[in-house]
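What follows is the residue order along each chain.
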Amino acid sequence: MADAKVIPFDDDRSRGATGKGAARRRGTGGGARRKAEPVGAGDVREVKPLPVREAEPADPAGEGREGWERRVAGGLAFLRRRLTGEYEIDEFGYDEELTDQVLMSVLRPIAEKYFRVEVKGVENIPSEGGALIVSNHSGTLPLDGLMLQVAVHDNHPAGRHLRLLAADLVFMLPVVNELARKAGHTLACAEDAQRLLEGGELVGVMPEGFKGIGKPFSERYKLQRFGRGGFVSTALRAGTPIVPCSIVGAEEIYPMIGNARTLARVLGFPYFPITPTFPWLGPLGAVPLPTKWTIQFGEPIPTDGYPPEAAEDPMLMFNLTDQVREQIQHTLYKLLVQRRSVFF
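These lines cover the structure that appears in this document, whether it is placed above or below. Every chain begins its residue count from 1, and numbering advances along the sequence as written. Where local features are concerned, this predicted model is filtered to residues with pLDDT of at least 70; where side-chain atom pairs are given and counted, the filter is 80 or more; whole-chain, interface and lining totals use all residues. Heavy atoms from the whole structure form the basis of all side-chain values; hydrogens and water molecules are not counted.

1. Some remarks on the environment of Gln327
Thinking step 1. Under the DSSP-based scheme used, a helix requires at least four consecutive residues in state H or I and a strand at least two consecutive residues in state E, with every element numbered from the N terminus. With respect to the helices, strands and loops of the structure, Gln327 is situated in helix 9 (residues 314-338).
Thinking step 2. Under the scheme applied here, a residue whose accessible area is under 20% of the maximum for its type counts as buried, over 50% as exposed, and between as partly exposed, the area being computed with a 1.4 Å probe on protein chains only. Using a relative accessible area of 24% as the deciding quantity, one classes Gln327 as partly exposed.
Thinking step 3. For Gln327 and Ser246, which are 81 residues apart along the polypeptide, the C-alpha to C-alpha distance reads 8.8 Å.
Thinking step 4. Contacts: residue pairs with any heavy atoms within 4.5 Å of one another. Excluding its chain neighbours within four sequence positions, the residues that come into contact with Gln327 are Pro244, Ser246, Gly298, Glu299 and Ile301.

Listed below in structure tokens is the structure:
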């Protein structure tokens, strides 16, 4: 198999023309119009009714065949590019074509049919330029990050892609490491995040980390500590807005009622969850519960008005971090009050 072509992250070629949300231009008709001749007062013309033309019946079978043929042709072209290496990845390993054609196609039915994700406030995400989306983290397994990625791509008018910052463990696991890179995820470090933001990308971060995703079910929807505010410092350096995001529904997919700490240490995991179904039901216990999700994006918090040295001000970072955290927590409580049921 040929090697994929690697393009630098700061390549000045625009991706907007090839994205799902690219605007389509419609041409106007260019046919010439003939000027009508005046009719004299004494002229009498017989007006004949236009013949009624019966509409031709639609051929749904034909349309289905054409659509099927187009899908097959597109699939074969995709496979050819995979085999010949005629596809592009950026310096982080992000493969946009694979993400759109394969990964999103797998995750989309889960988001739409299984979790029935409802997205609110997507207009708060900028249509272009860098922005940092900060979200709560929960669910025992990081499915909330994947559903957030689908929510942004499929609901934003510009069809933007979300580049998630992931923990070291993600890039230490076989198979998962490669898939995460292909999907646009990168290591949760300030350097990578700043380069992505300055390159005009949407970057997603979940500051709670393992403290949030691995918390017991009794502490659901209670935000854990947001670290030392490193994400705020990164946004200040890049001059990009911070968009708070609240996710309701992920807490209940794997209700964590216990933690086998000894087994977790042996396996090198931050925790080993015990739920009402896992490990008692074996592989079946790893199936998440079909909860109803809501993802809401709040109003962006601008950072471009601060001076460059603001990123080194610990008090400013603390205040902005607390502002983002409080906004996410308040929205979580509001969504919980509005929710009729965990599953509906």
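2. A few points about the side chain of Lys292
Thinking step 1. Following the sequence through the fold, Lys292 ends up in the loop between strand 10 (273-274) and strand 11 (294-297).
Thinking step 2. Residue class for Lys292 comes out buried when judged on its relative accessible area of 18%.
Thinking step 3. The term polar contact refers here to a pair of N or O atoms within 3.5 Å; inside protein, the definition further demands a hydrogen-donor-capable atom paired with an acceptor-capable atom, and it admits residues adjacent in sequence only when both atoms are side-chain atoms. One polar contact links the side chain of Lys292 to the main-chain carbonyl oxygen of Arg116, over a distance of 3.2 Å.
Thinking step 4. Setting aside anything within four residues of it in sequence, one finds Lys292 in contact with Phe115, Arg116, Glu118, Val248, Gly249, Val342, Phe343 and Phe344.

3. With respect to the pairing of strand 8 (residues 242-248)
Thinking step 1. Extensive coverage of strand 8 is indicated by the burial of seven of its seven residues.
Thinking step 2. The side-chain alternation of strand 8 yields two buried faces, one formed by Ile242, Pro244, Ser246 and Val248 and the other by Val243, Cys245 and Ile247.
Thinking step 3. Strands are treated as partners if at least two bridges between them are detected by DSSP. Alignment of strand 4 (residues 131-135) against strand 8, held across four bridges, turns out to be parallel. Counterpart to Ser135 in the pairing with strand 8 is Cys245.
Thinking step 4. In the sheet, strand 8 pairs with strand 11 via four bridges, with the strands oriented antiparallel. Following the sheet pairing, Cys245 is matched in strand 11 by Phe297.

4. Remarks on the environment of Ile133
Thinking step 1. Examined against the element boundaries, Ile133 turns out to sit in strand 4.
Thinking step 2. Separated by 73 residues in the primary sequence, Ile133 and Met206 place their C-alpha atoms 8.5 Å from one another.

5. Some words on the sheet that holds strand 7 (residues 202-205)
Two modes of strand pairing occur in sheets, parallel and antiparallel, and in both the strands are linked by backbone hydrogen bonds.
Thinking step 1. The strand order across the open sheet built from seven strands is 3-11-8-4-7-5-6, with neighbouring strands paired in mixed fashion. Each edge of the sheet is formed by a strand with only one pairing partner; in this case those strands are strand 3 (118-120) and strand 6 (186-187).
Thinking step 2. Working convention: axes come from line fits to C-alpha atoms, limited for helices to the stretch in contact. Angles between N-to-C directions cover 0 to 180 degrees. Here helix 7 (residues 230-238) sits on the sheet and contacts strand 4, strand 7 and strand 8; the angle it forms with strand 4, its principal contact strand, is near 165 degrees.

6. Here's the deal with helix 9
Thinking step 1. By this rule the span expected of a helix is its residue count minus one, scaled by 1.5 Å. When the terminal C-alpha atoms of helix 9 are compared, their 36 Å separation across 25 residues agrees well with the 36 Å that a helix rising 1.5 Å per residue should span.
Thinking step 2. Turning to helix 9, its buried residues are Leu316, Met317, Leu320, Thr321, Val324, Ile328, Gln329, Thr331, Leu332 and Leu335.
Thinking step 3. Those residues of helix 9 hidden inside the fold are in contact with strand 3, strand 4, helix 7, strand 8 and strand 11.
Thinking step 4. Of the residues that open helix 9, the one with a side-chain oxygen 3.1 Å from the backbone nitrogen of Met315 is Asp313.

7. Thoughts on the nonpolar core
Thinking step 1. Grouped together as the largest cluster of nonpolar side chains are 28 residues, with contacts concentrated most on Leu132, Val134, Phe231 and Val324.
Thinking step 2. Of all the elements in the fold, those that place two or more residues in this core are strand 4, helix 5 (190-198), strand 7, helix 7, strand 8 and helix 9.
Thinking step 3. By nonpolar core we mean a set of buried residues, namely Ala, Val, Leu, Ile, Met, Phe, Trp, Tyr and Cys, connected to one another through side-chain atoms within 4.5 Å. Counting 27 residues, the second largest nonpolar core, distinct from the first, contains Leu107, Phe115, Val152 and Ile295.

8. Details of the packing of helix 2 (residues 96-114) against helix 3 (residues 143-155)
Thinking step 1. Between helix 2 and helix 3, whose axes approach to 9 Å, the crossing angle comes to 105 degrees. Considered as vectors, helix 2 and helix 3 are oriented roughly perpendicular to each other. Contact residues: Asp100, Met104, Leu107, Arg108, Ile110, Ala111 and Glu112 in helix 2; Leu146, Met147, Gln149, Val150, His153 and Asp154 in helix 3.
Thinking step 2. Here the nonpolar group is Ala, Val, Leu, Ile, Met, Phe, Trp, Tyr, Cys and Pro; Asp, Glu, Lys and Arg are the charged ones; every other residue, Gly included, is treated as polar. Residues belonging to the contact of helix 2 with helix 3 are distributed by class as follows: seven nonpolar, two polar and four charged. Here roughly perpendicular refers to angles of 65 to 115 degrees, roughly parallel to angles under 35, roughly antiparallel to angles over 145, and oblique to all remaining angles.

9. Let's talk about the side chain of Thr99
Thinking step 1. Topologically, Thr99 is positioned in helix 2.
Thinking step 2. When its relative accessible area of 2% is taken as the criterion, Thr99 is described as buried.
Thinking step 3. Once residues within four sequence positions are removed from consideration, Thr99 is found in contact with Tyr94, Met104, Lys182 and Ala183.

10. A few points about the pairing of strand 7
Thinking step 1. Judged by which residues are buried, strand 7 turns out to be covered on both faces: Leu202 and Gly204 on one side and Val203 and Val205 on the other are all buried.
Thinking step 2. As paired strands, strand 4 and strand 7 are joined by four bridges and run parallel to one another. Pairing of Ile133 across the sheet is with Gly204, part of strand 7.
Thinking step 3. Sheet topology places strand 5 (residues 162-166) next to strand 7; three bridges connect them, and they run parallel. Pairing of Leu162 across the sheet is with Leu202, part of strand 7.

11. Let's talk about the packing of helix 7 against helix 9
Thinking step 1. Packing of helix 7 against helix 9 leaves a shortest axis separation of 9 Å and a crossing angle of 105 degrees. Classed by the angle they form, the pair helix 7 and helix 9 counts as roughly perpendicular. Where helix 7 abuts helix 9, its residues Phe231, Val232, Ser233 and Leu236 lie against Leu316, Met317, Leu320, Thr321 and Val324.
Thinking step 2. Looking at the contact of helix 7 with helix 9, its residues break down into seven nonpolar, two polar and no charged.

Nothing here speaks to function; it is all geometry.
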